[in-house]
Amino acid sequence: MAKSKSPDMTKGNITAQLLLFFFPILLGTFFQQLYNTADAVIVGQNVGKLGLAAVGGTTSTLINLFIGIFVGLSSGFSVIISQHFGAKNHRLVSECVHTAITFSLIVGIAVSILGAIFSKTMLSYMNVPEDIMPMAIPYLQIYFLGLAPNLIYNMGAGLLRAVGDSKTPLIFLIISCFINIILDILLIKYMGMGVVGAAVATVTSQVVSAILVIVVLSRRKDALRLFIRKLHINFSELRKMVSIGTAAGMQSAMYTIANILIQASINTLGTDTIAAFTAYGKIDTLFWMTIQSLGISVTTFTGQNFGYGNKERVKKGIIHGMILSVVITGIVMLLLKLFGRSIYTLFTNDKSVLDIGTDMLNFMVVAFPTYITIEIFSGSLRGIGDSWIPMIMTASGVCVLRIAWIIVMVPKYPNIFTILWAYPLSWVTTSILFIIYMFLFSKMRRWLKNNIY
């Protein structure tokens with residue numbers, strides 16, 4: 001087995017390594033988000049606010065539910081692989097790679113079929129207005145039918161990042177993103193296919209990214225090399241990977257389930273509010289993609305150094321991650337405060353939608369710092385395989401609290417700001433839970449203190 005050329009995060013300057021790993025992930029996440037954002041912008045400008053509401057809001061929330069669960073599962077695969085990579089166990093790295101791709105292929109096909117069949121039912125349960133349904137149903141069905149390539153890409157990208165390669169997935173996303181934008185323009189603007197064209201463009205670009213990641217994995221010269229004829233499932237490694245990944249997947253699902261209830265409440269406020277919230281969901285990704293990219297960097301850094309047994313480096317990685325997250329969040333907040341309304345005009349020029357959306361953005365931006373601790377602490381805990389307690393804390397602080405808030409408060413005060421308050425309240429509560437757990441009860445604390453895990 002040829003020696004791996006992937007970056008080794010067990011040595012070198014900590015801040016520099018986190019940033020060198022962070023920026024390609026950030027750019028990759030940016031281009032991944034640009035998939036749906038391009039759909040929203042081009043649909044909003046060429047189809048109108050009904051089309052904008054159809055490709056975002058409810059449909060995006062449902063899609064994110066399934067993708068989030070799988071990405072959470074794949075994070076468990078990445079953690080185990082990064083630990084094996086840090087421990088220089090190339091045989092187990094190879095076993096995990098083949099197991100991961102096989103698993104993603106099977107799950108991707110199953111979710112694609114079931115999602116397409118039950119698209120209409122899911123949209124109906126979420127109170128989607130009748131004037132949006134004729135556009136939302138085909139968009140969601142086509143997206144689901146093309147979901148398998150998306151899952152394969154995300155798994156392959158996670159495998160590459162697990163060994164420190166965050167640049168290759170970025171290149172794939174740039175290519176597929178431009179394909180998506182070009183097809184959006186051709187199919188929507190010039191061929192008049194509307195939201196169906198947006199779905200076809202997105203799925204086609206995701207197929208390209210999946211093919212690229214498979215080709216690159218097949219041509220690697222290290223333990224990460226994929227042999228198609230050797231695809232199989234190593235159930236021993238799968239159990240370990242799924243054990244960690246299931247918690248992360250459930251955590252993502254709980255976020256999305258709570259957001260589905262929020263979206264259902266927003267759907268009762270009319271098309272203007274739905275369209276405004278759809279555009280807001282694209283704009284605030286500037287924050288989410290930066291903080292989550294940093295969280296992935298911390299997870300990979302922690303995983304490799306945990307596998308190597310370097311306690312001091314793990315501890316410093318968490319501290320550096322927190323400092324970087326504060327600085328980055330401050331920059332994002334400033335940008336959104338200064339240019340938020342201008343960004344909204346990319347999606348629509350409808351004054352009512354712009355006014356509602358700007359008010360949403362100004363309210364939410366100031367709450368972003370309350371989320372930082374959740375991302376960095378949960379990322380570092382995942383890196384050492386501690387994922388179940390963080391999942392339970394997230395369930396309590398985010399899912400349960402948001403659901404309770406929506407059920408109790410929204411009927412009494414049915415307006416957009418009552419709904420939005422669910423976010424900062426849940427972030428503050430969950431952050432407090434993470435701080436208490438990390439410093440008093442976590443496996444991380446015991447490992448750092450006693451070198452016992």
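- Looking up the chain in an unreviewed UniProt entry gives the name Probable multidrug resistance protein NorM, with the organism given as Lachnoanaerobaculum orale.
- Looking at the chain in UniProt, the text filed under Function (unreviewed entry) is "Multidrug efflux pump."

**Observations concerning the overall build of the chain**
Right, so step 1: The helix and strand inventory of the chain stands at 19 helices and zero strands.
Right, so step 2: What you see for the chain is a C-alpha radius of gyration of 21 Å, in line with the 22 Å of a compact globule of 453 residues.
Right, so step 3: The principal-axis extents of the C-alpha atoms in the chain amount to approximately 55 × 50 × 35 Å.
Right, so step 4: Taking all 453 residues of the chain together, the buried fraction comes to 59%.

**A word on a nonpolar patch on the surface**
Right, so step 1: A cluster of nonpolar side chains, Ile319, Ile323, Val327, Ile331, Leu334, Leu335, Leu338 and Phe339, forms an exposed patch at the surface whose accessible area comes to about 760 Å².
Right, so step 2: Within the secondary structure, leucine 335 is located in helix 13 (residues 311–344).

**Regarding the domain arrangement of the chain**
Right, so step 1: Domain boundaries in the chain define domain 1 (28–233) and domain 2 (264–448).
Right, so step 2: Centre-to-centre, using C-alpha coordinates, domain 1 lies 22 Å away from domain 2.
Right, so step 3: Counting residues at the interface gives 34 residues for domain 1 and 28 residues for domain 2.
Right, so step 4: The three residues of domain 1 that bury the most area against domain 2 are Lys49, Leu52 and Gln83, which together make up 22% of that side's buried surface.
Right, so step 5: At the boundary of domain 1 and domain 2, one finds zero salt bridges.
Right, so step 6: For the side of domain 1 that touches domain 2, the element with the most residues is helix 1 (residues 14–46), which contributes nine residues.
Right, so step 7: Of the residues in the side of domain 1 that touches domain 2, the class split is 15 nonpolar, 16 polar and three charged.

**Quick notes on the side chain of threonine 102**
Right, so step 1: As for its placement among the helices and strands, threonine 102 is situated in helix 4 (residues 90–117).
Right, so step 2: Judged by its relative accessible area of 13%, threonine 102 falls in the buried class.
Right, so step 3: Looking at threonine 102, its side chain comes within polar contact range of the main-chain oxygen of histidine 98, at 2.7 Å.

**Overview of the nonpolar core**
Right, so step 1: Within the largest apolar cluster, 132 residues are counted, with the highest numbers of intra-cluster contacts made by Leu159, Trp427 and Met444.
Right, so step 2: With eleven residues, the top contributor of residues to this core is helix 3 (residues 58–86).
Right, so step 3: Looking at which domains feed residues into this core, each of domain 1 (28–233) and domain 2 (264–448) supplies at least three.
Right, so step 4: Ala247, Met254, Met391 and Cys399 belong to the second largest nonpolar core, which has five residues in total.

**Some remarks on the environment of phenylalanine 417**
Right, so step 1: Tracing the chain through its elements places phenylalanine 417 in helix 17 (residues 416–420).
Right, so step 2: In contact with phenylalanine 417, not counting residues within four places along its chain, are Asp359 and Phe363.

**Examining the packing of aromatic side chains**
Right, so step 1: Tallied over the entire structure, the rule returns 15 aromatic pairs.
Right, so step 2: Each ring, one from tryptophan 288 and one from phenylalanine 368, has its centre 6.5 Å from the other, and the planes form 65 degrees; the classification is edge-to-face. Taken together, the positions of tryptophan 288 in helix 12 (residues 285–308) and phenylalanine 368 in the loop between helix 14 (351–365) and helix 15 (372–383) put the pair 80 residues apart, joining distant regions of the chain.
Right, so step 3: Residue classification places phenylalanine 368 among the buried residues on the basis of a relative accessible area of 0%.
Right, so step 4: Each member of the aromatic cluster is reached from another via a ring pair, and the members are Phe287, Trp288, Phe368, Tyr371, Tyr423 and Trp427.
Right, so step 5: Over the aromatic face of phenylalanine 85 sits the side chain of lysine 88, whose NZ or CZ is 5.9 Å from the ring centroid.
Right, so step 6: Taking NZ or CZ as reference, lysine 230 lies 4.6 Å from the ring centre of phenylalanine 227, over its face.

**Description of the packing of helix 15 against helix 18 (residues 422–440)**
Right, so step 1: Running from amino to carboxyl end, helix 15 crosses helix 18 at an angle of 40 degrees, the nearest separation of the two axes being 9 Å. Relative to helix 18, the element helix 15 is oriented oblique. The interaxial crossing formed by helix 15 with helix 18 has left-handed handedness. Across the interface between the two elements, Thr373, Ile374, Phe377, Ser378, Ser380 and Leu381 from helix 15 touch Trp427, Thr430, Ser431, Phe434, Ile435, Tyr437, Met438 and Phe439 from helix 18.
Right, so step 2: When grouped by side-chain class, the residues that make up the contact of helix 15 with helix 18 number nine nonpolar, five polar and no charged.

The rules we used
Residues numbered from 1 in each chain as written. Predicted model: local features only at pLDDT ≥ 70, side-chain atom pairs only at ≥ 80, totals over all residues. Heavy atoms only, no water. UniProt positions renumbered as here; feature names shortened; annotations may be inferred. Helix = DSSP H or I, 4+ residues; strand = E, 2+ residues; numbered from the N terminus. Rg over C-alpha atoms; globule rule 2.2 N^0.38 Å. Buried < 20%, exposed > 50% of the residue type's maximum accessible area, 1.4 Å probe, protein only. Patch = residues over 30% accessible without salt bridge, like charges linked within 9 Å, V, L, I, M, F, W, Y side chains within 5 Å. Areas by Shrake-Rupley, 256 points an atom, 1.4 Å probe, with all protein chains shown as cover. Salt bridge = Lys/Arg side-chain N within 4 Å of Asp/Glu carboxyl O. Domains from an automatic or database assignment. Contact = heavy atoms within 4.5 Å. Buried area = accessible area lost by both parts, 1.4 Å probe. Nonpolar A, V, L, I, M, F, W, Y, C, P; charged D, E, K, R; others polar. Polar contact = N/O pair within 3.5 Å; in protein donor to acceptor, adjacent residues only side chain to side chain. Core = buried A, V, L, I, M, F, W, Y, C linked by side-chain atoms within 4.5 Å. Phe/Tyr/Trp six-rings, centres within 6.5 Å; stacked < 30°, edge-to-face > 60°. Lys NZ or Arg CZ within 6 Å of the ring centre and 35° of its normal. Axes fitted to C-alpha atoms, helices over the stretch in contact; angles between N-to-C directions. Parallel < 35°, antiparallel > 145°, perpendicular 65-115°, else oblique. Left-handed = near helix turned anticlockwise from the far one by under 90°.

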